[in-house]
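Residue-level listing of the chains:
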Amino acid sequence: MQASADVNQRIARLLAHLNPSMNNLQTEGSSNFRQENCRAKGGSPGFKVAILGAAGGVGQPLAMLMKMNPLVSVLHLYDVVNTPGVTADISHMDTGAVVRGFLGQQQLEDALTGMDLVIIPAGVPRKPGMTRDDLFNINAGIVRTLCEGISKCCPMAIVNLISNPVNSTVPIAAEVFKKAGTYDPRRLLGVTMLDVVRANTFVAEVLGLDPRDVDVPVVGGHAGVTILPLLSQVKPPCSLTQEETEYLTSRIQNGGTEVVEAKAGAGSATLSMAYAAVKFADACLRALRGDASVIQCAFVSSQVTELPFFASRVRLGRNGVEEIYPLGPLNEYERVGLEKAKKELGGSIEKGVSFVRK
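Residues numbered from 1 in each chain as written. Predicted model: local features only at pLDDT ≥ 70, side-chain atom pairs only at ≥ 80, totals over all residues. Heavy atoms only, no water.

- Under the annotation held in an unreviewed UniProt entry, the protein carries the name Malate dehydrogenase and is attributed to Olea europaea subsp. europaea.
- Taken directly from UniProt, the Subcellular location (unreviewed entry) text for the protein runs: "Peroxisome".
- UniProt, in its Subunit (unreviewed entry) section for the protein, records the words "Homodimer." (UniProt positions renumbered as here; feature names shortened; annotations may be inferred.)

1. What about the pattern of salt bridges?
Inference 1: This structure, assessed with the given rule, holds 15 salt bridges.
Inference 2: Across the salt bridge formed by Glu 175 and Lys 178, the nearest N and O atoms sit 3.3 Å from each other. In this pair, Glu 175 and Lys 178 both sit in helix H6 (residues 166-180), three residues apart, roughly one turn of the helix.
Inference 3: Overall, Glu 175 belongs to the buried group, its relative accessible area being 7%.
Inference 4: Salt bridges sharing common partners tie together Glu 175, Lys 178 and Arg 357. (Salt bridge = Lys/Arg side-chain N within 4 Å of Asp/Glu carboxyl O. Helix = DSSP H or I, 4+ residues; strand = E, 2+ residues; numbered from the N terminus. Buried < 20%, exposed > 50% of the residue type's maximum accessible area, 1.4 Å probe, protein only.)

2. What to know about helix H7 (residues 193-207)
Inference 1: End to end, H7 covers 21 Å across 15 residues, agreeing with the expected 21 Å (1.5 Å per residue, within 8%).
Inference 2: Buried residues dominate H7, accounting for eleven of its 15 residues.
Inference 3: Here the buried face of H7 lies against strand E7 (218-220), strand E8 (227-229), helix H8 (242-253), helix H9 (255-263), helix H10 (271-289) and strand E9 (294-301).
Inference 4: Remark: Gly 208 follows H7 within two positions and exhibits a positive phi of approximately 75°. (Expected span 1.5 Å × (residues − 1). Contact = heavy atoms within 4.5 Å.)

3. Examining the side chain of Thr 305
Inference 1: Following the sequence through the fold, Thr 305 ends up in the loop between E9 and strand E10 (309-317).
Inference 2: What Thr 305 contacts, discounting residues up to four positions off in sequence, is Phe 310 and Lys 342.

4. Describing the state of the cysteines
Inference 1: Under the definition given, this model contains zero disulfides.
Inference 2: For Cys 147, which is in no disulfide, the shortest distance to another cysteine sulfur is to Cys 154 and amounts to 9.8 Å.
Inference 3: Cys 153 carries a free sulfur, and the closest cysteine sulfur to it, the one in Cys 154, is 6.5 Å from it.
Inference 4: Its relative accessible area of 16% is what places Cys 153 among the buried residues. (Disulfide = S-S within 2.5 Å.)

5. What about the UniProt feature "binding site: substrate" (unreviewed entry) in the protein?
Inference 1: Following the UniProt record, one finds the feature "binding site: substrate" (unreviewed entry) at Arg 126, Arg 132, Asn 164 and Arg 198.
Inference 2: Relative to the elements of secondary structure, Arg 198 occurs in helix H7.
Inference 3: Setting aside its immediate chain neighbours within four residues, Arg 198 contacts Gly 255, Gly 256, Val 259, Ala 269 and Ser 272.

6. Comments concerning the packing of aromatic side chains
Inference 1: Taken as a whole, this structure holds two aromatic pairs when the rule is applied.
Inference 2: Ring plane angle 85° and centroid distance 5.6 Å describe the contact between Phe 136 and Phe 355, whose orientation is recorded as edge-to-face. Of this pair, Phe 136 sits in helix H5 (residues 136-153) while Phe 355 is found in helix H11 (residues 332-357), placing the two residues 219 residues apart along the sequence. As far as burial versus exposure is concerned, Phe 136 and Phe 355 are alike and both buried.
Inference 3: For Arg 251, the ring lying beneath its charged end belongs to Phe 202, and the centroid distance is 3.8 Å. (Phe/Tyr/Trp six-rings, centres within 6.5 Å; stacked < 30°, edge-to-face > 60°. Lys NZ or Arg CZ within 6 Å of the ring centre and 35° of its normal.)

7. Things to note about the packing of H5 against H6
Inference 1: As a packed pair, H5 and H6 sit with axes 9 Å apart at the nearest point and diverge in direction by 35°. Taken as a pair, H5 and H6 cross one another with a handedness that is right-handed. Contacts from Phe 136, Ala 140, Val 143, Arg 144, Cys 147, Glu 148, Ile 150 and Ser 151 in H5 reach Ser 168, Thr 169, Ile 172, Ala 173, Val 176, Phe 177 and Ala 180 in H6.
Inference 2: Classifying every residue of the contact of H5 with H6 gives ten nonpolar, three polar and two charged. (Axes fitted to C-alpha atoms, helices over the stretch in contact; angles between N-to-C directions. Left-handed = near helix turned anticlockwise from the far one by under 90°. Nonpolar A, V, L, I, M, F, W, Y, C, P; charged D, E, K, R; others polar.)

8. Some points on the side chain of Ser 163
Inference 1: Structurally, Ser 163 is set in the loop between strand E5 (158-161) and H6.
Inference 2: Only 2.5 Å separates the side chain of Ser 163 from the backbone oxygen of Ala 122, close enough to count as a polar contact.
Inference 3: Discounting chain neighbours no more than four positions away, the residues touching Ser 163 are Ile 120, Pro 121, Ala 122, Val 143 and Thr 169. (Polar contact = N/O pair within 3.5 Å; in protein donor to acceptor, adjacent residues only side chain to side chain.)

9. Points about the environment of Ile 90
Inference 1: Checked against the element boundaries, Ile 90 lands in helix H3 (residues 83-91).
Inference 2: Ile 90 gets classed as buried once you look at its relative accessible area, which sits at 7%.
Inference 3: A sequence separation of 13 residues divides Ile 90 from Leu 77, and the C-alpha atoms of the two residues are 10.0 Å apart.
Inference 4: When sequence neighbours within four positions are dropped, the list of residues in contact with Ile 90 reads Gln 60, Ala 63, Met 64, Lys 67, Leu 77 and Val 99.

Here you go:
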């Protein structure tokens, strides 16, 4: 009889760990093993993180990498399809974060309640010949719905928005939060980290350096000519020819298209995007922990230019964006690029705002 009770207890513990919707499930002799009494409550100190769109091409590697982050204690995986399988798979990893899966709109609020950081890669990916604006009508509605859930269930969470087109989805999120009365511009960050990651890599290739030793500020937005790498401000300081500058700027701006074309219809930049998203999320978590001098580029509410949103270097803290840095000295090539970026970026921002206000 004792052996049977032990088995039942283990089953109840496992079910509570993998499926929080079964809170009230009990088996004979296991009345003490409701979810609140199980390790699924959180096995390590750290932060609670939700990934919305966790079963997608970016979401799955992103979830795996976040499970490996020692600053994460609880990891909630939400999507409209396939989260049970992704959750079961990732939950087998022997790291401290406890994983819970949530499936469908009816479980969105459960997925978001109590979260410290929400990462949103949800939406359809780019396909060959598709621009980020082509994604707008589908992804705009997805982002609006998810942000309505955030405003209700975790309005104080830091939000990392990946869903494209970021130049429009960040303004959409801001308008949703404003309508709900929960908008804090410091806590809403569009993730442009992939542009920085690409810039560091491509510049390192040209200079013959280790990419980990290169730091390129990338400002503006997150699509085409709105992506402006400030190659005159590369660290370590270097001297690039005009030909190198033009080649690098074009390659950084078109890095996403390079991957879409190379995959030939089989997807977009998912693995490098997941890597960049985790790098940025880790910076946000370190800032939440209280680390000093956490500086990254992000697309945020800004007064750096006349536009209401702009990507530039920001200092992160416990409340999100603590300080936004000016662009610094630009050369003539960068000044021309900035004007091009602002012209296109302004229209994308207005498109996002109008989507919610219409």
